[in-house]
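Here's the letter readout for the chains.
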Amino acid sequence: MNDILEATSPATGLSGPATCVSKVELRVSCKALLDRDTLNKSDPCVILMVQSNGQWIELDRSEVIKSNLHPVFGKVFCMDYYFEEVQKLRFEVFDIHGTHSIGTREDDFLGGLECTLGQIVAQKRMVKPLLLKYGKYAGKSTMTVHAEEISGNNGYVELAFSAKKLDDKDLFSKSDPFLEIYKINDDETETLVHRTEMIKNNLNPVWEPFKVSLISLCSCDEDRKLKCLVWDYDSRGKHDYIGEFYTSFKEMQKFSSGNKVLWDCVNPKYKQKKRHYKNSGVVILRDLKLHRVYSFLDYIMGGMQIHFTVAIDFTASNGDPRNSCSLHYINPYQPNEYLKALIAVGEICQDYDSDKRFSALGFGARIPPNYEVSHDFAINFNPDDDECEEIQGVVEAYQNCLPKIQLYGPTNVSPIITRIAKLAAGDGNIKDASRYHILLILTDGVVTDMADTREAIVRGSYQPLSIIIVGVGNADFTDMEILDGDDGVLRSPKGEPVLRDIVQFVPFREFKTASPAALAKCVLAEVPKQVVEYYGHKVIAPMSPTRDLSSPILSPVATTPTE
């Protein structure tokens, strides 16, 4: 305690909140299950399986609910969540006989469903019919899966305390008080949350405000007991005890402007011995500000849609599509690099777009009917509606487009970036977190309009937009690394920096022998952070907050995102 002159927060080690990996709780219920038993109803149990290396592996199972065709399972399935991965799940319902072991008999199987974790969190509450073997419906049976994020840190609180008429513990001067706050854990042990600075020679101290995460303060449990102690500082470490009181974060939240919360600071020994003892002073909560720190999952589960656009390079350097050496060659047995990158990234994004329609654009080609060069055209050749149905629709539009165009050049991508940034901006007055845009640019070379591209990216950094650039082929992409702000801040030709880093560049050749999932994981890993940074900067909360830890004072802030 010799460094008590400086306030510390040992529970966090940080001035702001700590970040943690996203975890999701899944709760399952069923309706109208098949009745497999002759004398009474089925005794259902749910098995949750995850796909790993193409194999289904049991992750966990629920309890058995006796004789119930509409079970609500008490078991909570807990999973790590990664936006950048396709996490395939399978739920199977069995009728259990006698023991908890699952029988191998086909007539014990009540139905199952397959989905991705992304689909569940995007819908927050997913309802699907149960299927038997070979895709046959299990009567009218349905399963409902409800998702809830549990690891977001719920933000942080800013607290300010003062005290009045504290006991004087010093002989020749006044006390030098400081305050400690402890969290009472489930096992009744105590964890120091915060220790204020010492106020020298003052019985009416006003301590500096401090910030602490809600995980550190109360484990995000507003009813958790907090123990607060006031001491008279001693430079030798033998601090004199003044008094203590107990409270909770729920009680602290009674604070409002002009209505302070206060506690008697009590010394139990004095209270026991002194007949007319009231307190050893009063501690006052003079300010409380609760700041919510929203995570990517908060926005997704609040209803945010991700609009996915792909832009494909049709410049002549790709080679004649009719030649097997061309990067655009359509091999009936194996997709080319353009298709591999498109499918890998698109299959992730489509889980977060309810209408499953995606814009598909091209650049660098001569297009019909006049065969003039275009750096921004719809590959379905419908300028009024450039969207395709699902990723398969984009693939088909790409394949149908190739015979109708002439590959040309140069490699100008700024027109498409500018267009999508304007689309993301809408009317320029974004008020909610309803839509975020991801632009995937697939190109075989360094962009020709680098200055205009840098300018477009700087403008786009102010909009709800992330840009992923995948370099296809064996070109030297060194100059493209400039657009990825990992090595420094990207600036416009006039020197204006990006508001936030929105570009991720990856050469496809680094993933040629890896699985599509590895590419998607790499290029999409930054998106959750970019989403949180954008809405945090705009001070926009999710459309429907997913947590219920509330306060009269709520302020979304831009800080380290929880992913």
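Residues numbered from 1 in each chain as written. Predicted model: local features only at pLDDT ≥ 70, side-chain atom pairs only at ≥ 80, totals over all residues. Heavy atoms only, no water.

1. Some details on the packing of aromatic side chains
Inference 1: What the rule picks out here adds up to 18 aromatic pairs.
Inference 2: Seen from their ring centres, F83 and Y352 are 5.2 Å apart, and the 55 degrees between their planes marks the pair as tilted. On the criterion of sequence distance, the pair formed by F83 in the loop between β4 (72–80) and β5 (88–95) and Y352 in the loop between α6 (337–349) and β18 (357–363) is long-range, its members being 269 residues apart. The two residues F83 and Y352 agree in class, both being buried.
Inference 3: With a centroid separation of 5.9 Å and 80 degrees between ring planes, the pair formed by Y270 and Y277 is classed as edge-to-face.
Inference 4: Three or more aromatic residues link up through ring pairs in this structure, and these residues are Y294, Y299, Y436, Y534 and Y535.
Inference 5: Here the guanidinium or amino end of K225 rests over the ring plane of Y246, the centre of that ring lying 5.6 Å away.
Inference 6: The ring of Y270 carries the charged tip of K274 above its face, separated from the ring centre by 4.3 Å. (Phe/Tyr/Trp six-rings, centres within 6.5 Å; stacked < 30°, edge-to-face > 60°. Helix = DSSP H or I, 4+ residues; strand = E, 2+ residues; numbered from the N terminus. Buried < 20%, exposed > 50% of the residue type's maximum accessible area, 1.4 Å probe, protein only. Lys NZ or Arg CZ within 6 Å of the ring centre and 35° of its normal.)

2. Quick notes on the packing of α6 against helix α10 (residues 516–524)
Inference 1: Contact geometry for α6 and α10: axes closest at 9 Å, N-to-C directions at 65 degrees. You can see that α6 and α10 cross each other, and the crossing is right-handed. Residue-level contacts link A341, A344, V345, I348 and C349 of α6 to P516, L519, A520, V523 and L524 of α10.
Inference 2: Across the contact of α6 with α10, the residue classes break down as ten nonpolar, no polar and no charged. (Axes fitted to C-alpha atoms, helices over the stretch in contact; angles between N-to-C directions. Left-handed = near helix turned anticlockwise from the far one by under 90°. Contact = heavy atoms within 4.5 Å. Nonpolar A, V, L, I, M, F, W, Y, C, P; charged D, E, K, R; others polar.)

3. Details of the pairing of strand β2 (residues 44–52)
As a general feature of sheets, a regular strand has side chains that alternate between the two faces.
Inference 1: With seven of nine residues buried, β2 is to be regarded as a mostly interior element.
Inference 2: With six bridges connecting them, β2 and strand β3 (residues 55–61) associate as antiparallel partners. Bridged to L48 within β3 is D60.
Inference 3: A loop of two residues connects β2 with β3, the two strands running antiparallel in sequence, and N53 in this loop sits at a positive phi of about 55 degrees. (Pairing = 2+ DSSP bridges.)

4. Quick look at the packing of α6 against helix α7 (residues 390–401)
Inference 1: Running from N to C, α6 and α7 cross one another at 160 degrees; their axes reach a closest spacing of 10 Å. Classified by the angle their axes make, α6 and α7 are roughly antiparallel. In this structure, α6 crosses over α7, and the sense of that crossing is right-handed. Residues Y338, L339, L342, I343, G346 and E347 of α6 touch α7, and the partners they reach there are I391, V394, V395, Y398 and Q399.
Inference 2: Per-class residue counts for the contact of α6 with α7 are eight nonpolar, two polar and one charged. (Parallel < 35°, antiparallel > 145°, perpendicular 65-115°, else oblique.)

5. Quick word on the nonpolar core
Inference 1: With 96 residues, the main nonpolar core has L26, F91, F314 and L524 as its most contacted residues.
Inference 2: For this core, the element with the most residues is α6, which contributes eight residues.
Inference 3: Look past the residues within four positions of F91 in its chain and what remains in contact with it is L26, V28, V46, I47, L48, G111, G112, L113, C115, I120, M143 and V145. (Core = buried A, V, L, I, M, F, W, Y, C linked by side-chain atoms within 4.5 Å.)

6. Describing a positive patch on the surface
Inference 1: Positive charge collects at one region of the surface, where K164, K165, K260 and K278 lie side by side.
Inference 2: The topology assignment puts K278 in the loop between α4 (268–273) and β16 (282–291).
Inference 3: Look at K278 and you get exposed, because its relative accessible area is 65%. (Patch = residues over 30% accessible without salt bridge, like charges linked within 9 Å, V, L, I, M, F, W, Y side chains within 5 Å. Areas by Shrake-Rupley, 256 points an atom, 1.4 Å probe, with all protein chains shown as cover. Salt bridge = Lys/Arg side-chain N within 4 Å of Asp/Glu carboxyl O. Lys, Arg positive; Asp, Glu negative; His and termini not counted. Charge placed at Lys NZ, Arg CZ, Asp CG, Glu CD.)

7. Focus on helix α9 (residues 450–460)
Inference 1: Buried within α9 are the following residues: M450, T453, A456, I457, V458 and G460.
Inference 2: In this structure, the buried residues of α9 make contact with α8 (414–425), β25 (465–471) and β26 (503–507).

8. As for helix α11 (residues 527–537)
Inference 1: Counting buried residues in α11 gives eight out of eleven residues, a clear majority hidden from the surface.
Inference 2: For α11, the set of buried residues is V527, P528, Q530, V531, V532, Y534, Y535 and G536.
Inference 3: Here the buried face of α11 lies against α5 (296–301), β24 (435–443), β25, β26 and α10.
Inference 4: Count one or two residues on from α11 and you reach V539, which has phi positive near 55 degrees.

9. Remarks on the sheet that holds strand β9 (residues 156–164)
Inference 1: What the four strands build is an open sheet, ordered β12-β9-β16-β15; its pairing is antiparallel. Each edge of the sheet is formed by a strand with only one pairing partner; in this case those strands are β12 (210–213) and β15 (261–264). Taking each pair of neighbouring strands and ignoring which way they run, the sheet shows an average axis angle of 35 degrees.
Inference 2: In this sheet, β16 lies alongside β15 in antiparallel orientation, the contact comprising four bridges. Across the sheet, V261 pairs through a bridge with L285, a residue of β16.

10. Details of the pattern of salt bridges
Two side chains with opposite charge may pair up if their charged atoms get near one another.
Inference 1: Tallied over the entire structure, the rule returns 19 salt bridges.
Inference 2: Of the charged contacts in the structure, one is a salt bridge between R27 and E25, with a shortest N-O distance of 3.0 Å.
Inference 3: The salt bridge involving D320 is made with R322; its shortest N-O contact spans 2.9 Å.
Inference 4: For D320, a relative accessible area of 35% corresponds to the partly exposed category.

11. Digging into unusual backbone geometry
Inference 1: The omega torsion across P368 and P369 is 10 degrees, close enough to zero to call that bond cis.
Inference 2: Take P369: it is sitting in the loop between β19 (365–367) and β20 (372–374).
Inference 3: Omega for the bond connecting G409 with P410 falls within 30 degrees of zero, at -5 degrees, which places this linkage in the cis form.
Inference 4: Tracing the sequence through the fold places P410 in the loop between β23 (406–407) and α8.
Inference 5: Non-glycine residue N53 carries a positive phi angle of around 55 degrees.
Inference 6: Take N53: it is sitting in the loop between β2 and β3.

12. Regarding the sheet that holds β20
Inference 1: Here we have three strands laid out as an open sheet, ordered β20-β19-β23, and antiparallel in their pairing. The open sheet has two free edges, formed respectively by β20 and β23, since each of these has just one partner strand.
Inference 2: Bridge count for β19 against β23 is two bridges, and the pairing is antiparallel. Residue pairing for β23: A365 is matched across the bridge by L407.

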